[in-house]
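Overview (structure and organization)
Residue-level listing of the chains:
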Amino acid sequence: MKKFLLLTVMIALFAIIGQVKAQDPCDITGTNCDYWHTGGNTTYNDPNFPGCDIEIEWDYMVCDGITYFSLSTISFFWTPECEAVYYFLVPFGNYADGRNLAIMWRSAFEQISRDYFTAYHFQHPNDYICPNTYTCKTITPGGCNSWRWAMKLPGPGEQYSWIHLKYTPCEENGCCVTEAIWCWNRNTNSPELIGKPTTQYVTEGDCRNKSPLYNPFEGYGPEWLIGPPSPCGFSCYIDN
């Protein structure tokens, strides 16, 4: 009888372990999720491009105690200070470079999650004091993605063009997951990043054989010049 009970417990344990291993990192639907909130705009100043104000539009959702962020748009005015940003993100002249955009979004995500956690701390000053941690993640849907740019030419009284960059998945499955873990350091009275953001990548196969699932600029007016989609490529640049 004891051997039977031990065998039953071991089978149940292995089943649980198997479920944990099989958990899809791209599935953020949990038992306590709310919905995607409009996060607004964050002005991001990339250290590689001083003087250029880059606007990052993002949404967020809280699910099982983890805050998820989703990138909506990277945008900027094509001023002399931002000219280098354009050629970094659209180096080929006709379509955007997904690798460089993923690098910029990952860097911006660190700033956005820091600001978000700081605001949370001032509302709940006794939560997540080091070593207790607060986890933020960003998930880019689709293991393979395509990027596009759109340019709004200057209107009356305007001096510079307005550049928008967006992504669209090239497959229903897969994703890019980047995680940042924070805690509040009472000694410095500031947020502390535990380690550095780490990235996990999931795809279904060769991106070159896929096509964008939709046009992210659908609905933009005739005043916008919309560039062609980039070839489908990996949804994130891994640099752990």
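Refer to the structure printed above.
Residues numbered from 1 in each chain as written. Predicted model: local features only at pLDDT ≥ 70, side-chain atom pairs only at ≥ 80, totals over all residues. Heavy atoms only, no water.

In this section: the state of the cysteines. Under the definition given, this model contains 5 disulfides. A disulfide bridge connects Cys130 with Cys183, and the sulfur atoms are separated by 1.9 Å. Taking the sign of the S-S torsion, 85° for the link of Cys130 and Cys183, the bridge is right-handed. Of this pair, Cys130 sits in the loop between helix H3 (98–123) and strand S4 (134–141) while Cys183 sits in strand S7 (residues 175–185); the two residues are 53 residues apart in sequence, bridging distant segments of the chain. Linked covalently through their sulfurs, Cys170 and Cys232 form a disulfide whose S-S length is 2.2 Å. (Disulfide = S-S within 2.5 Å. Helix = DSSP H or I, 4+ residues; strand = E, 2+ residues; numbered from the N terminus.)

Here we take up the environment of Thr43. Positionally, Thr43 belongs in strand S1 (residues 37–44). Between the alpha carbons of Thr43 and Gln111 there is a distance of 9.7 Å; along the sequence they are 68 residues apart. Leave out the neighbours within four places in its chain, and Thr43 touches Asp53, Ile54, Glu55 and Gln111. (Contact = heavy atoms within 4.5 Å.)

In this section: the pairing of strand S3 (residues 66–77). Summarising burial for S3: 10 of the 12 residues are buried, a large majority. In terms of strand pairing, strand S2 (residues 54–63) meets S3 through 9 bridges, oriented antiparallel. Within the sheet, the bridge partner assigned to Glu57 lies in S3 and is Thr73. The hairpin turn running from S2 into S3, its antiparallel successor, is 2 residues long, and Asp64 in that turn takes a positive phi close to 55°. The pairing of S3 with S4 spans 3 bridges and is classified as parallel. Among the inter-strand pairings, Thr67 is bridged to a residue of S4, identified as Cys136. Note that S3 and strand S6 (residues 162–169) share 4 bridges and pair antiparallel. Opposite Phe77, over in S6, you have Trp162 as the bridge partner. (Buried < 20%, exposed > 50% of the residue type's maximum accessible area, 1.4 Å probe, protein only. Pairing = 2+ DSSP bridges.)

In this structure the tally under the stated criterion is 20 aromatic pairs. Considering the side-chain rings of Phe49 and Phe88, the 5.3 Å spacing of their centres and the 50° angle between planes classify their relative orientation as tilted. Taken together, the positions of Phe49 in the loop between S1 and S2 and Phe88 in helix H2 (residues 83–89) put the pair 39 residues apart, joining distant regions of the chain. The exposure class assigned to Phe49 is buried, which follows from its relative accessible area of 12%. The class of Phe88 is partly exposed, set by a relative accessible area of 25%. Taken together, the aromatic side chains of Trp58, Tyr60, Phe69, Trp105, Phe109 and Tyr116 make up a single cluster linked through ring pairs. (Phe/Tyr/Trp six-rings, centres within 6.5 Å; stacked < 30°, edge-to-face > 60°.)

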